Amino acid sequence: MVDGYKEREIMFDLLIIGSGPAGLGAAIYGVRAGLKLAVIDRSPISGGQVLTTYEVDNYLGLPGISGSDMCERFREHADKLGVSFLMAEVESVEDCGEKKIVYTDEGNYEAKAVILATGATHAMLGLEGEKKLAGMGVSYCATCDGAFFKGKTVAVVGGGDVAVEDAIFLAGICEKVYLIHRRGELRAADALQKKLMTLTNVEIVWNSEVIQIQGEDMVEAIAVYNNETKESQELDVKGVFIAVGVIPNTEIFKGLIDMDGKGYILADESCVTSVPGIFAVGDIRKKQLRQIITAVADGANAINSVQAYLM
């Protein structure tokens, strides 16, 4: 919270909700454009999902940088330019025509325009034992929790970039890693797949789905169903890392702007939404590719659209 902001309405040119790569990208471009703006986030640490990424090897100019180091650099850049940050939980946004009101647990804030950059959260499998054993062997972040399973056997569920990155990371500290994917081929980038295939302690379980996570106080095993053979097997594992996609954090904006059936906000490359003066960037926007570099690009595009709107 910035001193003096609580319990009173302040008119900004722009409020940015969220401080991941998209939000920070917008903040940097916005400050340089001379806009009076602030970034609102419930966490004092910026970065969003990137914070839990072990290694980022596809961002231009920063090969092999860790997710936490990348987030630190992004935030340092914003701080250097004098971006204002408000620490608060956003509860809702109201469109009042030329004025937007952002309601938070630390007071209400007014702005002429709002950029939504709230990111996404990890999807769950919805299995028996998943919630019960969350934090007791069930994890959604390999880089956060992988060290607890050093020398043990674990499973990763998924077939995209995140799942393969998790399997590669865990292979470096675990005795064995099962990668369980419901299809016969992975969706991850080719470079990641090639790296994965060189690891002798990774076993890919193709065309299979986890149907049960077993254990009393800790994960002990998983039941896996093969979609082709129609047979099931049990795998003894001490940890299950779930990487089956994300869910956009757009619940509080439902009824405010147009979304698709999955909750992604409908906005093109201009980041303009169905409500004039409200823009959507990053993982919450309906688009083909969700990467750090496209999130930052969204931030830049959104500021261009904000400037056009304000004029």
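Structure: see above.
Source: prediction; values computed, not measured. (Residues numbered from 1 in each chain as written. Predicted model: local features only at pLDDT ≥ 70, side-chain atom pairs only at ≥ 80, totals over all residues. Heavy atoms only, no water.)

So, the state of the cysteines
Worth spelling out the cut-off: Count a disulfide wherever a pair of cysteine sulfur atoms falls within 2.5 Å. To sort residues, take the accessible area from a 1.4 Å probe on protein chains only and compare it with the maximum for the residue type: under 20% means buried, over 50% means exposed, and anything in between is partly exposed.
Per the counting criterion, the structure on display carries 1 disulfide. Here C141 engages in a disulfide with C144; their sulfurs sit 2.1 Å apart. Taking the sign of the S-S torsion, 70° for the link of C141 and C144, the bridge is right-handed. On the basis of relative accessibility, which here comes to 42%, the residue C144 falls in the partly exposed class. Note on C174: no disulfide assigned, nearest cysteine sulfur contributed by C141 at a separation of 13 Å. C71 provides the cysteine sulfur closest to C271, a residue in no disulfide bond, and the two sulfurs are 20 Å apart.

Examining the nonpolar core
Note on soluble globular proteins: their nonpolar side chains tend to be buried together. In plain terms, the rule: Remark: nonpolar core denotes a set of buried residues (Ala, Val, Leu, Ile, Met, Phe, Trp, Tyr, Cys) joined through side-chain atoms within 4.5 Å. Helix and strand definitions follow DSSP, with helices as H or I runs of at least four residues and strands as E runs of at least two, each counted in order from the N terminus.
Counting residues in each nonpolar core, the largest one holds 33 residues, and the members touching the most others are L14, I16, Y59, M70, I115 and I292. For this core, the secondary structure elements donating two or more residues are β1 (11-17), α1 (21-32), β2 (37-41), α2 (67-80), β6 (107-116) and α6 (292-310). Looking at this core, the element that brings in the most residues is α6, giving 6 residues. If you look at the next biggest cluster of nonpolar residues, it comprises 24 residues, including I17, L86, A111 and L256.

Overview of the packing of helix α4 (residues 161-171) against helix α5 (residues 190-197)
Going by this rule: For helices, the fitted axis covers only the stretch in contact; all axes are lines through C-alpha atoms, and the angles between them, taken along N-to-C directions, range from 0 to 180 degrees. Throughout, the term roughly parallel applies to angles under 35 degrees, roughly antiparallel to angles over 145, roughly perpendicular to angles from 65 to 115, and oblique to all others. Handedness of a helix crossing follows the sense of rotation of the near helix relative to the far helix, less than a right angle counterclockwise being left-handed and clockwise being right-handed. Every residue pair with non-hydrogen atoms within 4.5 Å of one another is taken to be in contact. Gly falls in the polar group here, along with every residue not listed as nonpolar (Ala, Val, Leu, Ile, Met, Phe, Trp, Tyr, Cys, Pro) or charged (Asp, Glu, Lys, Arg).
Packing of α4 against α5 leaves a shortest axis separation of 10 Å and a crossing angle of 30°. Classed by the angle they form, the pair α4 and α5 counts as roughly parallel. Between α4 and α5 the crossing geometry is left-handed. Across the interface between the two elements, D161, V164, E165, A167 and I168 of α4 pack against L192, Q193, K195 and L196 of α5. Residue classes in the contact of α4 with α5 are distributed as 5 nonpolar, 1 polar and 3 charged.

A closer look at the packing of α1 against α6
One way to put it is that α1 packs onto α6 with a least axis distance of 7 Å and a crossing angle of 35°. The interaxial crossing formed by α1 with α6 has right-handed handedness. Along the contact surface, α1 presents P21, A22, G25, A26, Y29 and G30, while α6 presents I292, A295, V296, G299, A300 and I303. Its residues assigned to classes, the contact of α1 with α6 comprises 9 nonpolar, 3 polar and no charged.

Regarding α4
Summarising burial for α4: 8 of the 11 residues are buried, a large majority. Looking at the buried side of α4, the elements it contacts are α3 (142-145), β9 (153-157), β10 (176-180), α5, β11 (202-205) and β15 (239-242).

Digging into unusual backbone geometry
A positive phi angle, near 50°, is found at N207, a position not held by glycine. Mapped onto the fold, N207 is located in the loop between β11 and β12 (208-214). Under the relative-accessibility criterion, N207 is labelled buried at 15%. For K230, which is not glycine, the phi torsion reads 65° and is therefore positive. Along the polypeptide, K230 turns up in the loop between β13 (221-226) and β14 (232-236).

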